[in-house]
Amino acid sequence: SIMKFAERFLEKYTKGNKNNEEPIWTEEELQTIGGRIVGVLVRLDDLEWEWNHRVSTSTLGQPESSEMIPYNQWKSILGLHPDNVEQRCIKTVDMALLEENDFARVRAERMLALFLLNIEGPAMKASGNLSPDGSEVDFIQDNTQLKLMMP
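Residues numbered from 1 in each chain as written. Predicted model: local features only at pLDDT ≥ 70, side-chain atom pairs only at ≥ 80, totals over all residues. Heavy atoms only, no water.

Student: What should I look at first to understand the packing of helix α5 (residues 90-99) against helix α6 (residues 101-127) in this one?
Tutor: Pairs of packed helices are described in terms of their axes, by the angle between the two and the distance that separates them. Put simply, α5 and α6 touch, their axes get as near as 5 Å, and they point 110 degrees apart. Relative to α6, α5 is oriented roughly perpendicular. Taking contact as the criterion, the partners of V93, A96, L97 and E99 in α5 are, on α6, N101, F103, A104 and R107. Looking at the contact of α5 with α6 residue by residue, the classes come out as five nonpolar, one polar and two charged. (Axes fitted to C-alpha atoms, helices over the stretch in contact; angles between N-to-C directions. Helix = DSSP H or I, 4+ residues; strand = E, 2+ residues; numbered from the N terminus. Parallel < 35°, antiparallel > 145°, perpendicular 65-115°, else oblique. Contact = heavy atoms within 4.5 Å. Nonpolar A, V, L, I, M, F, W, Y, C, P; charged D, E, K, R; others polar.)

Written out as structure tokens, the structure reads:
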């Protein structure tokens with residue numbers, strides 16, 4: 001799902017170019033994109049578990065809460081599969097990722113956001129380095145989800 005997200009991002013960026021020219025990526029940008037893809041893929045199981053756990057134990061997953069998101073909307077809003085909340089059936093999620101582009105996009109965005117906020121951002125800060133975009137998560141608009149993702 002992360003590879004598809006990266007491909008879609010690059011495709012969208014290229015199509016958005018008014019001169020129909022190939023975008024010019026700096027070496028630093030390419031290294032950042034590649035590093036993030038690898039970073040998310042290496043930690044994918046942990047990131048998936050963490051997001052699932054945070055949502056399931058938050059008000060978003062509690063039926064008595066006014067913030068609760070109905071299970072039938074988890075895929076399109078949270079990038080979680082409601083039939084596989086406990087992540088026991090990998091095939092269920094894999095099939096949904098292959099067949100449902102919106103689910104794949106939302107899930108990839110959530111995994112990337114968790115990576116940026118909890119792994120890359122703190123590591124860059126601790127080392128005194130900065131990424132080209134400062135590890136910003138500007139692609140998720142829901143403040144409740146962003147707060148839930150914070151370290």
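Student: Sorry if this is basic, but what is going on with the pattern of salt bridges here?
Tutor: Oppositely charged side chains can form a pair if their charged atoms are brought close together. Applying the stated rule across the entire model yields six salt bridges. Between E120 and R36 there is a salt bridge whose closest N-O contact spans 2.8 Å. Taken together, the residues E120 in helix α6 and R36 in helix α2 (residues 27-42) connect sequence positions 84 residues apart. Both residues of the pair, E120 and R36, belong to the buried class. Note that R54 and E50 form a salt bridge whose closest N and O atoms lie 2.7 Å from each other. Remark: E50 and R54 occur in helix α3 (residues 44-56); sequence separation between them is four residues, near one turn of the helix. Assessed through its relative accessible area of 26%, E50 is described here as partly exposed. The network of salt bridges with common partners includes R105, E109 and R110. (Salt bridge = Lys/Arg side-chain N within 4 Å of Asp/Glu carboxyl O. Buried < 20%, exposed > 50% of the residue type's maximum accessible area, 1.4 Å probe, protein only.)

Student: Sorry, what's going on with the packing of aromatic side chains here?
Tutor: For any pair of aromatic rings, the description rests on two quantities: the centre-to-centre distance and the angle between the ring planes. Under the criterion given, the structure shown has zero aromatic pairs. Just above the ring of F103 sits the side chain of K75; from NZ or CZ to the centre is 5.8 Å. (Phe/Tyr/Trp six-rings, centres within 6.5 Å; stacked < 30°, edge-to-face > 60°. Lys NZ or Arg CZ within 6 Å of the ring centre and 35° of its normal.)

Student: Can you walk me through the environment of E109 in this structure?
Tutor: Among the structural elements, E109 can be located in helix α6. On the accessibility criterion, E109 (9% relative accessible area) is buried. In sequence terms E109 and F139 are 30 residues apart; their C-alpha atoms lie 7.5 Å from each other.

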